[in-house]
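# Analysis of the macromolecular model
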Amino acid sequence: MITFAVSTAAMQKSKLTLYIFLALILGVITGYLYNVRVINVMNTRITTAETAIKSVNASLAGYKDTTTIDYKMLVAQKLKLAGHIKANQNLRDNKLEPFTLISDIFLRLIKMIVGPLVFTTLVVGVAKVGDIKAVGRIGGKTMLLFIGATFVSLALGMLLVNLFQPGNAMHLSLPDGTIGNDINQSALSLKEFINEVFPKSFTEAMAENKILQIVVFSLFFGIGTAAIGKKGEIVIEFLDAVAHVILKVTGYVMKFAPFAVFGAITAVVAKEGMGILSTYAFFLGEFYLSLLILWFLIVLGVFFVLRRRTFTLLDNIKDAVLIAFSTSTSEAAYPKVLIELERFGCNNKIVSFVLPLGYSFNLVGSMMYLTFGSLFLAQAYNMHLSLAQQITMLLVLMLTSKGVAGVPRAALVVIAGTMAMFNIPEAGLGLLIGIDPLMDMGRSATNVLGNAMATAVVSKWENELSN
């Protein structure tokens, strides 16, 4: 009976992998056809208007007297062209809406689950660990591992971007300064960092899905629950039951994953077109090669701890990695990773404690992107940063990157702050914004891999990994 149940679960899991993979392929094909037949017209209008704005800007630069009729006519023409761009962008978004809605529904359902799941599982995990000393021991090992992984990821990104020099090969013109990118340009201040870490309201943190704040509250709540002894057992039992209910709901939501993958991939390819892959081929290729090198180093490091079981774990989490890759968010894979780590043999109390911390402090794919993207922009502008400046950037990123867990387009926000600190022209963000969705897919998948592997390693170190 048990064998039958295991084989049935394995069949369902392999079917989900197949459906997700088919959705990926179908999404690329559908996106390409939709781009050629529908979206390309709007993209052409936008490109034509942007070229015209550059020509107008060049003409405006030649005027010394800004009160002449000709100057005012050029300014009016520029405003008209900007309005034309905005109108076509809105029209394009409306045409893509049927596909983005599919993935949006899935992501909203996942976000509905993640906050309560992190709270219930982390409180239960901390309470089951027991005393504060045990929590401190496991937390210390976990944070040491995360800090090491962050440093390696940032350093590897810095090393490889200097080796590949993708910015030197791009030869791209500066993006027009009038086209907004809606990214905060200022560096993350200490006050903002504190605000992102410590919650002023638990309900607000849950409502806004601020994972880092939920983690902080859960740690306090879990320690407090364990400290009151038998009275806390009722709370632990209740939250454990709630966690199992949420995991059951997760199973239902995951059945919708292939549709979400199809919608997300179709929207990206339809909007950007296949041409973007050739335009940024070197940069994208070198970035993904860098991620593969990081994957190899992660798997190699974990192999020394888990030995051959490392490959079993890779097989277990492949669906979660595919979901993160397709939806461009590691958060979407959180419930699936939680389930698969427990199936792998990791103790629930370790998984519930380490995995949420990983989603706040161990986003290794995003870490690599920060140094890779920042130095790429410096290269694109022929800015040669010294080794001392690059090491300073690495150390700054180790701190600033920790305060934006769960922030939309978090990597771009951190890069924007870094550019401001090192005087890299902010217009360079335009070089990244267009292809950021394609890069976000790779770094989200890498984040999932890194967190799953780290949780398994801590489980092994604590002798809480069953055979």
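Residues numbered from 1 in each chain as written. Predicted model: local features only at pLDDT ≥ 70, side-chain atom pairs only at ≥ 80, totals over all residues. Heavy atoms only, no water.

Turning our eyes to something else, we now look at the pattern of salt bridges. Taken as a whole and assessed by the stated rule, the structure comprises seven salt bridges. A salt bridge links R137 to E462; the nearest nitrogen and oxygen atoms lie 2.7 Å apart. With R137 in helix 3 (residues 132-164) and E462 in the segment after helix 20 (436-461), this pair connects stretches of sequence that are 325 residues apart. With its nearest N and O atoms 3.3 Å apart, the salt bridge here joins K349 to E464. Of this pair, K349 sits in helix 15 (residues 348-361) while E464 sits in the segment after helix 20; the two residues are 115 residues apart in sequence, bridging distant segments of the chain. In this structure K349 comes out as buried when scored by relative accessible area, which is 18%. Under the relative-accessibility criterion, E464 is labelled partly exposed at 22%. Overlapping salt bridges, with partners in common, bring together R137, K141 and E462 in one network. (Salt bridge = Lys/Arg side-chain N within 4 Å of Asp/Glu carboxyl O. Helix = DSSP H or I, 4+ residues; strand = E, 2+ residues; numbered from the N terminus. Buried < 20%, exposed > 50% of the residue type's maximum accessible area, 1.4 Å probe, protein only.)

Attention shifts here to helix 11 (residues 281-306). Its 26 residues place the ends of helix 11 36 Å apart at the C-alpha level, agreeing with the 38 Å of an ideal helix rising 1.5 Å per residue. When helix 11 is considered as a whole, its buried residues turn out to be F283, L284, E286, F287, S290, L291, L294, I298, V299, V302 and L306. Trailing helix 11 by a residue or two, R307 shows a phi angle of about 60°, which is positive. (Expected span 1.5 Å × (residues − 1).)

What follows deals with the confidence of the model for the chain. Looking at the chain as a whole, the pLDDT averages 80, with 85% of positions reaching at least 70. Element-level pLDDT for the chain is lowest in helix 10 (residues 275-279), with a mean of 62, against a maximum mean of 93 in helix 12 (residues 309-316). Ignoring residues within four places in sequence, the model shows residues 1-11, a span with pLDDT below 50, making zero contacts including any to other chains. A low-confidence stretch, residues 403-408 (pLDDT under 50), is modelled with 12 contacts involving residues beyond four sequence positions or located in other chains. (pLDDT = per-residue confidence, 0-100. Contact = heavy atoms within 4.5 Å.)

Moving on to the environment of I424. Note on placement: I424 falls in the loop between helix 18 (410-421) and helix 19 (429-433). Considering only alpha carbons, one finds I424 and A380, 44 residues apart in sequence, at a separation of 9.9 Å. Each residue touching I424, except ones within four places of it in the same chain, is listed here: S374, L377, A378, Y381, M383 and M419.

Take the side chain of S366 next. With respect to the secondary-structure elements, S366 resides in helix 16 (residues 364-380). Ignoring any residue separated from it by four or fewer positions in sequence, one finds S366 in contact with R443 and N447.

At a closest axis distance of 9 Å, the pairing of helix 2 (residues 69-129) and helix 8 (residues 230-254) adopts a crossing angle of 150°. As the angle between them shows, helix 2 and helix 8 are arranged roughly antiparallel. For the element pair helix 2 and helix 8, the recorded crossing hand is left-handed. In the contact of helix 2 with helix 8, the residues fall into 19 nonpolar, three polar and two charged. (Axes fitted to C-alpha atoms, helices over the stretch in contact; angles between N-to-C directions. Parallel < 35°, antiparallel > 145°, perpendicular 65-115°, else oblique. Left-handed = near helix turned anticlockwise from the far one by under 90°. Nonpolar A, V, L, I, M, F, W, Y, C, P; charged D, E, K, R; others polar.)

With that settled, consider the side chain of Q379. Tracing the backbone through its elements, the reader meets Q379 in helix 16. Side-chain polar atoms of Q379 contact the backbone oxygen of V161, separated by 3.0 Å. Residues within four places of Q379 in sequence aside, it is in contact with V161, N162, Q165, P166, G167 and N168. (Polar contact = N/O pair within 3.5 Å; in protein donor to acceptor, adjacent residues only side chain to side chain.)

As a further point, take a nonpolar patch on the surface. A surface patch of nonpolar side chains, about 680 Å² in accessible area, is lined by F21, I25, V28, I29, Y32, L33, V36 and M274. Mapping Y32 onto the fold places it in helix 1 (residues 2-61). (Patch = residues over 30% accessible without salt bridge, like charges linked within 9 Å, V, L, I, M, F, W, Y side chains within 5 Å. Areas by Shrake-Rupley, 256 points an atom, 1.4 Å probe, with all protein chains shown as cover.)

The subject of this paragraph is helix 20. With 26 residues, helix 20 should cover 38 Å at 1.5 Å per step; its first-to-last C-alpha distance of 37 Å lies within 8% of that length. The element helix 20 is extensively covered by neighbouring structure, given that 23 of its 26 residues are classed as buried. Positive backbone phi, at 55°, marks N463, one or two positions downstream of helix 20.

Attention shifts here to unusual backbone geometry. With phi around 50°, Q165 is a residue other than glycine that occupies positive phi space. Within the secondary structure layout, Q165 lies in the loop between helix 3 and helix 4 (166-170). Notably, R307 is not glycine yet its phi reads approximately 60°, a positive angle. Relative to the assigned elements, R307 resides in the loop between helix 11 and helix 12. R307 sits in the partly exposed class, given a relative accessible area of 48%.

Before going further, it helps to spend a moment on the packing of aromatic side chains. In total, this model carries 15 aromatic pairs according to the counting rule given. Plain terms: the ring middles of F283 and F376 are 3.9 Å apart, the flat faces sit at 15° to each other, and that makes the pair stacked. Residue F283 is located in helix 11, and its partner F376 is located in helix 16; the two are separated by 93 residues in the primary sequence. Judged by relative accessible area, which is 0%, F376 ranks as buried. Three or more aromatic residues link up through ring pairs in this structure, and these residues are F283, F287, Y288, Y369, F372 and F376. Here R309 stacks its cationic end above the ring of F344, 4.3 Å away from the centre of that ring. The ring of Y369 is capped by R443, whose NZ or CZ atom sits 4.1 Å from the centre of that ring. (Phe/Tyr/Trp six-rings, centres within 6.5 Å; stacked < 30°, edge-to-face > 60°. Lys NZ or Arg CZ within 6 Å of the ring centre and 35° of its normal.)

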